[in-house]
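Reading the structure
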Amino acid sequence: IDDVSVADAAVACVHAILEACPEAASKRDGHNHVPLEGIFAGIFTAAKRRRARETKRTADDEDVTEDDDDVDISAPFRFRNPTAHLLLTRDPDSLLLRGKSLYKLVESLPDDTHPPLGPTALFLQILVDLGGATAAGAAAKGAATPSLSGINFDDFAASPEEDDVLALLYRRFVRQFDRSERFFAGDNSREEVVRHRERWKHAAVNTFHVIEWLLRRPRGTSGNIGNDGSKSGDGDNDDNDLLVHNAVRVGACPPDLLRYIVETNLESVAEKDSKGNLPLHYAAGASDADALIVNSGNAPPESYSKFLIDELLYAYPDGAGVPNADGVLPIVLAIESGKKWIGGGVRSLYEAYPAGLEDARLSDDHPIVSAMSFQSDGGDSVVTEMLGGQDDEEGTVHTAMDGGGGRRRKRTHRKKINKDESHDAIMFVQKPDSSVRDVVSTMWANEEDAGVQMLGCASLGRMATEAGSSDKDIASVALLGVTAVVNAMKNHPNEPAVQERACAALAVLAPADGVREVSFAASGAISSVVSAMQAHVSDATVQIEACRALRGIAAKGGAERATMVASVSGFTALINAMGAHPDDGDVQRETCLAMEVLTSFPDAYLPNIAGQAEPFLQAAAENFPDDCLKPAMAVREKLL
């Protein structure tokens, strides 16, 4: 439907049918589908056509006068929105709107650049308010409808096990926000640039509205936490506008999204809901049975509890000493819900409010008491040696996401990392059977530990290599892995071992750039790689892995990514690498190969570096002709 009058007439037809036959809203066809799924089929078909157009597009969109995907989606959603409202009003339980089915629907929606609330945002709001769509629970594996009127869901984007709808939406939000901040050649105050930025800010706002709605609890649930950590209530969805509470209650809010929500809603971290609970009470009292991973139905990694509690305590440390309406402290809820001393976050609560442990009335043989009394005899580990024998010293952790719009903050962490905690996390990220989600969760929960970050990056790189050779195979790791790797690089800028393994992982993950909202630009991956080169110019291994990463990113992303590398002084970093390691054939080869790819796109906006690069390219070609002559000459030809 691309005509408003046709859309209105179609809605009138549906309304007339439902007036004459109200039960039609629940009728199933020969494929066992209800009418609402017919709307989804139209969205999937439009998504398939849109992706086909994008595949054929060869020119980069540097000219903003041809604005991005400027397709009017008003008419189709003028039919979809009121029709969905009519159908769900009559049968709100006709379809399970969560898990894989919800993921596939959201993944197929176009960027909505209309002023908020845009038509796609309104569509999701209808599904949430009337149909109970939510990210708070998971559909059983295989619960997604297999086909719609003969259309195979797999043609549109099968939901990978290592992703969920909230992670997908947050990657989309960061990409859209990043696009709204884009700079162009020439005068950036001209009308088409201002219009471009305004449209993509609208898109980001619409996407975040969808995130907010999907974080709400589904119909018939309540959030009251009793003394035993269980939830009870009368079924009313009170406090559904408390974003931080909702993000905690959902059970598996992606770490980067959770951090963004907390940092942009700091006052809400100290706010109690109508049940007398802080967000910290929900984080502490949630058991594995409550916290279902979206789309998989499994309990989240234990380390997720630690991450969640640590984030809330950082924003509001006094919360550890605040009882809920029943007079119960967070540490008591955490112990009674079965959380462990370190991995479950109990120690973090104890360190924030030691007196609270007295309320737990633990017996001498309680596991928490045993964990508190256990002392490791220590000893330097292999990881310490790999990190140059440096102990973890007090420092800062940068936690904001590039393009995410959050405040940039610094966190002072503990002078010493508990060796037992570090050992457990290090062993976990190296387990061959650990999932991507488990490794990523452990990395976020132990972001101050350089050893965990280094080995976590190595594991993600290995997983991507083992996943397969196609972009979609590698994306199964990149969906959650890219931001974890970038976070590791930002937290440990002075650790060459972390930077080396992180760059190596990004090189393997690069083919997934652009798949399911993965963005090496918006995530900060490109700028982090260049920063690693600048900070460790004397380290040949870091330079080699960083060059490989830049080459892979540019090879997949084309002129736009090459321009991004240039904008963060990537070419200067490459030239400096050649100058710092004139006798290292590996460094010379990798820099030449990276520059060859970066300069191969005529539409890329690159700096004039011919004068700077010429002597280094000449020397590389003469000293290492077998490896460097061909790429060096190709770069010289393009630059000159």
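Fair warning: this is a prediction, and the values are worked out from it, not measured in the lab.

1. Thoughts on the environment of Pro602
- Positionally, Pro602 belongs in the loop between α26 (585-598) and α27 (610-623).
- Overall, the relative accessible area of 79% leaves Pro602 in the exposed class.
- Along the backbone, Pro602 and Lys638 are 36 residues apart, and their C-alpha atoms lie at a distance of 9.2 Å.

2. Regarding helix α24 (residues 540-567)
- Between its first and last C-alpha atoms α24 spans 23 Å; for 28 residues at 1.5 Å apiece the expected length is 40 Å, and the helix comes up short by more than 12%.
- Of all the bends in α24, the greatest, near 140 degrees, is centred on Gly558.
- Structurally, the start of α24 carries an N-cap: the backbone nitrogen of Thr541 is 3.0 Å from a side-chain oxygen of Asp539.
- Positioned one or two residues after α24, Ser569 has a phi angle of 65 degrees, which is positive.

3. Here we look at the environment of Ala84
- Its location among the elements puts Ala84 in helix α3 (residues 74-90).
- Since its relative accessible area comes to 0%, Ala84 is described here as buried.
- Considering only alpha carbons, one finds Ala84 and Leu124, 40 residues apart in sequence, at a separation of 9.9 Å.

4. Brief notes about the packing of α26 against helix α28 (residues 625-639)
- Contact pair α26 / α28: the axes reach a minimum separation of 9 Å and the direction vectors enclose 35 degrees. Where α26 crosses over α28, the handedness of that crossing is left-handed. Contacts between α26 and α28 involve Gln588, Arg589, Cys592, Leu593, Met595 and Glu596 on the former and, on the latter, Asp627, Cys628, Pro631, Ala632, Ala634, Val635 and Lys638.
- Residues of the contact of α26 with α28, tallied by class, amount to 8 nonpolar, 1 polar and 4 charged.

5. Some words on the packing of aromatic side chains
- For the structure shown, the criterion picks out 11 aromatic pairs.
- Ring geometry for Phe173 and Phe177: centres 6.4 Å apart, planes at 40 degrees, overall tilted. With Phe173 and Phe177 both in helix α7 (residues 165-180), this residue pair falls 4 residues apart, about one helical turn.
- When the ring of Phe173 is compared with that of Tyr260, the centres are 5.4 Å apart and the planes differ by 55 degrees; the resulting orientation is tilted. One end of the pair, Phe173, is in helix α7; the other, Tyr260, is in helix α10 (residues 255-263), with 87 residues separating them in the sequence. Across this residue pair, the class does not change: Phe173 and Tyr260 are buried.
- Here the aromatic cluster, defined as three or more aromatic residues joined through ring pairs, consists of Tyr170, Phe173, Phe177, Phe208 and Tyr260.

6. Brief notes about α26
- An ideal rise of 1.5 Å per residue puts 20 Å on 14 residues; α26 measures up with 20 Å between its terminal C-alpha atoms.
- Of all 14 residues making up α26, 11 are buried, and the element is well covered by its neighbours.
- By the burial criterion, the buried members of α26 are Gly585, Val587, Gln588, Arg589, Glu590, Thr591, Cys592, Ala594, Met595, Val597 and Leu598.
- Where α26 is buried, its residues touch α24, α25 (570-580), α27 and α28.

7. Observations concerning the side chain of Ser305
- With respect to the secondary-structure elements, Ser305 resides in helix α13 (residues 302-315).
- Residue classification places Ser305 among the buried residues on the basis of a relative accessible area of 19%.
- The contacts of Ser305, once residues within four sequence positions are left out, are Lys339 and Gly344.

8. Observations regarding the pattern of salt bridges
- Under the counting rule described, the total for this entry stands at 25 salt bridges.
- For Arg501, the salt bridge goes to Glu500, with nearest N and O atoms at 3.7 Å.
- Glu500 sits in the partly exposed class, given a relative accessible area of 22%.
- Residues participating in the shared-partner salt-bridge network are Glu545, Arg548, Arg551, Asp586, Arg589, Glu590 and Asp627.

9. What to know about the state of the cysteines
- Inspection of the entire model under this criterion finds 0 disulfides.
- The thiol sulfur of Cys547 is not disulfide-bonded, and the nearest other cysteine sulfur, from Cys503, lies at 9.2 Å.
- Between Cys592, a free cysteine, and Cys628, which holds the nearest cysteine sulfur, the sulfur-to-sulfur gap is 4.3 Å.

10. Focus: the confidence of the model for the protein
- Per-residue confidence for the protein averages 83 on the pLDDT scale, and 80% of its residues sit at or above 70.
- Below pLDDT 50 for its whole length, residues 292-298 participates in 32 contacts with residues either more than four positions away or in separate chains.
- Contacts from residues 375-384, a stretch scored under 50 in pLDDT, to residues over four places away or in other chains number 11 contacts.

11. Regarding the side chain of Thr113
- Along the chain, the position of Thr113 falls in the loop between α4 (99-108) and α5 (119-131).
- In this structure Thr113 touches Arg199, Trp200, His202 and Ala203, once residues within four positions along its chain are discounted.

12. Side note on the nonpolar core
- Among the nonpolar cores identified, the biggest contains 171 residues, and Phe40, Phe123, Leu214 and Phe520 are the most heavily contacted of them.
- Top contributing element to this core by residue count: α24, with 13 residues.
- Excluding anything up to four places from it in sequence, Phe520 contacts Val482, Leu506, Leu509, Ala510, Asp513, Ala525, Ile526, Ile553 and Arg561.

13. Looking at the packing of α4 against α7
- Between α4 and α7, whose axes approach to 9 Å, the crossing angle comes to 15 degrees. Here α7 runs roughly parallel to α4, going by the angle between their axes. You can see that α4 and α7 cross each other, and the crossing is left-handed. Along the contact surface, α4 presents Leu102, Tyr103, Val106 and Glu107, while α7 presents Val165, Leu168, Leu169, Arg171 and Arg172.
- A breakdown of the residues in the contact of α4 with α7 according to their chemical character gives 6 nonpolar, no polar and 3 charged.

14. Describing unusual backbone geometry
- Here the residue pair Pro116 and Leu117 is connected by a cis peptide bond, since its omega of -5 degrees sits within 30 degrees of zero.
- Examined against the element boundaries, Leu117 turns out to sit in the loop between α4 and α5.
- The phi torsion at Asn32 lies on the positive side, around 70 degrees, for a residue other than glycine.
- Within the fold, Asn32 resides in the loop between α1 (4-20) and α2 (36-56).
- Not every positive phi belongs to a glycine, and Arg361 is a case in point at roughly 50 degrees.
- Counting through the fold element by element, Arg361 comes out in the loop between α15 (346-352) and α16 (367-373).

Parameters and conventions
- Residues numbered from 1 in each chain as written.
- Predicted model: local features only at pLDDT ≥ 70, side-chain atom pairs only at ≥ 80, totals over all residues.
- Heavy atoms only, no water.
- Helix = DSSP H or I, 4+ residues; strand = E, 2+ residues; numbered from the N terminus.
- Buried < 20%, exposed > 50% of the residue type's maximum accessible area, 1.4 Å probe, protein only.
- Expected span 1.5 Å × (residues − 1).
- Bend = angle between axes of the 7 residues up to and from the residue.
- Polar contact = N/O pair within 3.5 Å; in protein donor to acceptor, adjacent residues only side chain to side chain.
- Axes fitted to C-alpha atoms, helices over the stretch in contact; angles between N-to-C directions.
- Left-handed = near helix turned anticlockwise from the far one by under 90°.
- Contact = heavy atoms within 4.5 Å.
- Nonpolar A, V, L, I, M, F, W, Y, C, P; charged D, E, K, R; others polar.
- Phe/Tyr/Trp six-rings, centres within 6.5 Å; stacked < 30°, edge-to-face > 60°.
- Salt bridge = Lys/Arg side-chain N within 4 Å of Asp/Glu carboxyl O.
- Disulfide = S-S within 2.5 Å.
- pLDDT = per-residue confidence, 0-100.
- Core = buried A, V, L, I, M, F, W, Y, C linked by side-chain atoms within 4.5 Å.
- Parallel < 35°, antiparallel > 145°, perpendicular 65-115°, else oblique.

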